[in-house]
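Descriptive analysis of the structure
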Amino acid sequence: MRCRTLNLQTVLYSSDKKDHTPCKHPHEAASAHLHHQHLQWPKRSNESDSEDEVEEEEIETVEIDPTKLLPLSPEVISRQATINLGTIGHVAHGKSTVVKAISGMYKCENEACPRPGCYRSYRSDKEDRPPCERPGCGHRMKLLRHGSFVDCPGHDILMATMLNGAAVMDAALLLIAGNESCPQPQTSEHLAAVEIMKLQNIIILQNKVDLIKEAQALEHQKSITAFVKVAEASPIVPISAQLKYNIDAVNEYIVKRIPIPVRDFTSPRLIVIRSFDVNKPGAEVDELEGGVAGGSILTGVLTLGMRVEIRPGIVTKDVQCRNRCRLIFSRIVTLLAENNQLQFAVPGGLIGVGTMIDPTLCRADRLVGQVLGAVGKLPQIYTELEISLFLLRRLLGVKTEDKKTTKVTKLVKNELLLINIGST
C-alpha cells in the first residue's frame, strides 16, 4: 500500500513514566533509564491527539475471532504454513532438493484413488482444490497440510545454525544418501542435536536410491536401522528427491504420522529476524512506503489494520552511558507469506509485516531482535536476566586431531555469549 509522507512519521513514546509525550523524531523523545529493572508501561492518554495530527490514508481493517481458528482451518492453511518441518543430515545428502519437492500436501477426495499416489505436493500459492493428476480419476485434491521448512546446513562449522533451527521445528526429515556409507559425520551430529531438543517426530528419508542397485539399497537400509536409536520407531522411506520418486509416500507419512502442533492464537507476538526498506533509491515522496518487518509469529494472530508496538524500540545511550529506550507504535498495512497476500497471519512459517514505520528505522535489519505485538501486551524490558542453562556434554561439529569427543567446558565469568532466541 502506498502511503503519504506524513504516514511515515512513526509515533514514538518515551518509556519514562513521567513523560509520555509522543514525538515524530527519535531525537525528540525523552527516555527512561534501564538499570537492572523493568520498564513500566506508560499511560497513552494523548495518543489519539497525536494520531489526529497525522494524516492517514484509509487502511483496510480485518476483524478475526481467534477462538474460532485452528491450525487446520481451511482459511488458514489455504494461504499460510502452520507446521514447521526441519530437514537435517550430512552435507550434499539432498536436504534442499527435498524442500523444493514438498510444500503443501494434498490428497485426492476419491477414496478409490490408490495410495500413495493419491497424495501430491504443490507450491504454496496453488489453488485449494486442484484436479487429481491420476488419469481417469476426475476428482479433486484436498489440501491437508501446509508446511514451512527449516533447511539446516550440513557443514560441520554450521552446527550452531542447525541447533538454532532445531528449536523451532515441529518435526524433522532426516536425509541419508544411499550412495554413501551410514553414518556420515553430520548425520550423527544432527541426530544427536535432535535428541537434545527432544524432537519426537522424525521421518528418515533414504535418498539417491536411483544411484544404487536394489540389493545395495536393502543393505544400506539395514545399516540405517542399526545406526538410528533415537528415532528407531521412525519409518525409513526410499526416495529420489532429484527425480521426485516416492515423494507422494513422504507426503502420506507427513500427514499421517506428524501430529498437528498446538498453537496459541491469543496475544500476538512476533520476533523480528529481518527488517528492510522496500523503497527504491530515488523514489518520489508520494511513492514512499513504510518499513517491513519479517519473522515468525510465536503466538497470537496479526490482522490488517491492527495497531502494534515494537519493543524495545530505539535503544540509545545518554551522556552518562545509560541505556535509554523509545517504543515504536504503528499499524499493519500488509501481510505476506511468500507471494500470498494475507488478511491475517497465525503462528507457523515466516511472515512479512508491512507497517507505516519510517523506512529508515527498518533499513538494513535495524529492527532485528525486536519483538512486535499488540499494544500493551508485550513483555517488560529488562537489562539483566537470570536464566537456567543446560550445557551439552560434548561439542557438536568440532573436529580434533585425535578424533576424540571434545567435552564442553563450564562457563566462566565475563565470557561472551551469542544468544539466539525464538528464531533461526
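Attention in this report is confined to the structure presented alongside it. Nothing here was measured: the structure is a model prediction, and the numbers come from that model. Each chain has its residues counted from 1, running along the sequence as written. Per-residue local features of the predicted model are confined to residues with pLDDT of at least 70, and side-chain atom pairs are confined, for both listing and counting, to 80 or more; whole-chain, interface and lining totals are unaffected and use all residues. To get the side-chain values, take all heavy atoms of the structure and skip hydrogens and water.

1. Details of the overall build of the protein
Counted only if it meets this: Elements are defined by DSSP. Helices are runs of H or I of four residues or more, strands are runs of E of two residues or more, and each kind is numbered from the N terminus. To sort residues, take the accessible area from a 1.4 Å probe on protein chains only and compare it with the maximum for the residue type: under 20% means buried, over 50% means exposed, and anything in between is partly exposed.
Each helix and strand in the protein was counted, giving 8 helices and 18 strands. Out of the 424 residues belonging to the protein, those deemed buried represent 47%.

2. Regarding the nonpolar core
Counted only if it meets this: We call a set of buried Ala, Val, Leu, Ile, Met, Phe, Trp, Tyr and Cys residues a nonpolar core when their side-chain atoms join them within 4.5 Å.
Counting residues in hydrophobic clusters, the biggest one holds 33 residues, and the most contacted among them are Val98, Ile102, Leu205, Ile239 and Ile254. If you list the elements that add at least two residues to this core, you get β3 (83–89), α3 (95–101), β4 (104–108), β5 (119–122), β6 (141–151), β7 (171–177), β8 (202–207) and α7 (247–257). A per-element tally of this core places α7 first, with 5 residues. Membership of the second largest hydrophobic core comes to 24 residues, among which are Leu304, Val353, Ile357 and Leu361.

3. A look at a nonpolar patch on the surface
We count it as follows: Here a patch means residues that are over 30% exposed by relative accessible area and free of salt bridges, tied together within 9 Å if like-charged and within 5 Å if nonpolar (Val, Leu, Ile, Met, Phe, Trp, Tyr). In short, Shrake-Rupley with a 1.4 Å probe defines the accessible areas, and a residue's cover is counted only from the protein chains shown. Each reported salt bridge corresponds to a side-chain nitrogen of Lys or Arg within 4 Å of a carboxyl oxygen of Asp or Glu.
A cluster of nonpolar side chains, contributed by Tyr382, Leu385, Ile387, Leu389, Leu391, Leu411, Leu417 and Ile419, occupies part of the molecular surface with about 850 Å² of accessible area. Along the chain, Ile387 falls in the segment after β18 (371–374). The class of Ile387 is exposed, set by a relative accessible area of 61%.

4. Quick look at unusual backbone geometry
The step from Arg115 to Pro116 runs through a cis peptide bond, and the omega angle for that step is 0°. Its location among the elements puts Pro116 in the loop between β4 and β5. A cis amide bond, omega 0°, links Arg311 with the succeeding residue Pro312. Mapping Pro312 onto the fold places it in strand β13 (residues 307–317).

5. Quick notes on the pairing of strand β17 (residues 351–355)
What counts, and what does not: When DSSP locates at least two bridges between a pair of strands, those strands are taken to pair.
For β17, the tally of buried residues reaches 4 of 5 residues, placing the bulk of the element in the interior. Note: strand β11 (residues 292–299) against β17, 4 bridges, orientation antiparallel. Paired with Gly294 across the bridge in β17 is Gly352. Bridge count for strand β14 (residues 323–337) against β17 is 4 bridges, and the pairing is antiparallel. Bridging from a neighbouring strand, Leu336 pairs with Gly352 of β17.

6. A short note on the pattern of salt bridges
Scanning the entire structure with this criterion turns up 12 salt bridges. Between Arg263 and Asp170 there is a salt bridge, and its shortest N-O distance comes to 2.8 Å. Residue Arg263 is found in the loop between α7 and β10 (269–276), and its partner Asp170 is found in the loop between α4 (159–166) and β7; the two are separated by 93 residues along the sequence. Taking relative accessible area as the criterion, Arg263 reaches 22% and is therefore assigned partly exposed. A relative accessible area of 18% places Asp170 in the buried class. Shared partners join several salt bridges into a network, and the residues in it are Arg115, Glu252 and Lys256.

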